[in-house]
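Architecture and fold: a report
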Amino acid sequence: LAFVDDVSFNTPSHKIPARIYSPAPEENLPVVLHYHGGGHMCGSVDLYDAISRKIAKAGHCVVIAVEYRLAPEFPYPMGIDDCQYALAHYQEVLSQVNYNQQLMIAGDSAGGAICTTLASYNSDNDQINIDKQILIYPSVDYTMSFPSIEENGSGYLLETSKVTWYFDHYFQSNEPRKNVSPLFMPMNKNMPETLIFIAGCDPLRDESVAYGKALIA
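In short, a report on the structure. (Residues numbered from 1 in each chain as written. Predicted model: local features only at pLDDT ≥ 70, side-chain atom pairs only at ≥ 80, totals over all residues. Heavy atoms only, no water.)

1. What to know about the sheet that holds strand 6 (residues 132-136)
Let me state the cut-off plainly: Whether two strands pair comes down to DSSP finding at least two bridges between them. To qualify as a helix, a DSSP run of H or I must reach at least 4 residues; to qualify as a strand, a run of E must reach at least 2; elements of each kind are numbered from the N terminus. For every element, the axis is a line fit to its C-alpha atoms; helices are fit only across the contacting stretch, and the angle between N-to-C directions ranges from 0 to 180 degrees. Two residues qualify as a contact provided that any one of their heavy atoms is within 4.5 Å of a heavy atom in the partner residue.
The strand order across the open sheet formed by seven strands is 1-2-4-3-5-6-7, and the pairing between neighbours is mixed. Taken across any chain shown, the strands that pair with only one partner, and hence form the sheet edges, are strand 1 (3-10) and strand 7 (193-197). Here the average twist between neighbouring strands, direction ignored, is 20°. Bridge analysis of strand 1 against strand 2 (residues 15-22) gives eight bridges, and the strand direction is antiparallel. Bridged to Phe3 within strand 2 is Ser22. Relative to strand 7, helix 6 (residues 205-216) is tilted by about 160°, and along the sheet it contacts strand 6 and strand 7.

Right, dumping it as structure tokens:
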């Protein structure tokens, strides 16, 4: 890529590292905020570097990969707070590349959970306009109540027991799991256009389908 640079968002309490990618820094390109997966406990900008580069190249867009804080050291909602801050202040780190006002968010698994949470949080926020969200097998139901959690819960890489382990380390203050699940958060006509990729042999399959249906409704 023509441009890659490590930057950081400076919040009142801490810094949030991020990495900027642009295939054409002189062009006014759309912006994608990329939130990596990893069960809210693992994953990193470095691990997802190749994917961020592919998004920037194939989509001909600026990508901002956000190094949000992870559980168990930083439980819910600290990672969400970091991602919201990056969403609200993303233009502050783009001084070295050109961009336009089209804004998208993208993420897989836990990154999809972050995207969908932010989409609901900001659906009535006049200061933030998310044009589109791209969700790759998103985790949107922390209650783990859909059949595919058990049907595909063993033998397909992501195990139901591991999902439970992730969530138990992420939620450390007895948060009502349904209330913090993006699937059950308020949705309205201001929700962004959404593209969902679903994996057939995935414990998260059914909740991804349910989220798509909820958006349509």
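2. Thoughts on the packing of helix 2 (residues 78-89) against helix 3 (residues 110-121)
Threshold: Here is the rule for handedness: rotate from the far helix to the near one, and if that takes an anticlockwise turn smaller than a right angle the crossing is left-handed, while a clockwise turn gives right-handed.
It is at 10 Å that the axes of helix 2 and helix 3 come closest, and there the two elements cross at 60°. Crossing hand, helix 2 versus helix 3: right-handed. On helix 3, the residues touching Ile80, Cys83, Gln84 and Leu87 of helix 2 are Ile114, Thr117, Leu118 and Tyr121.

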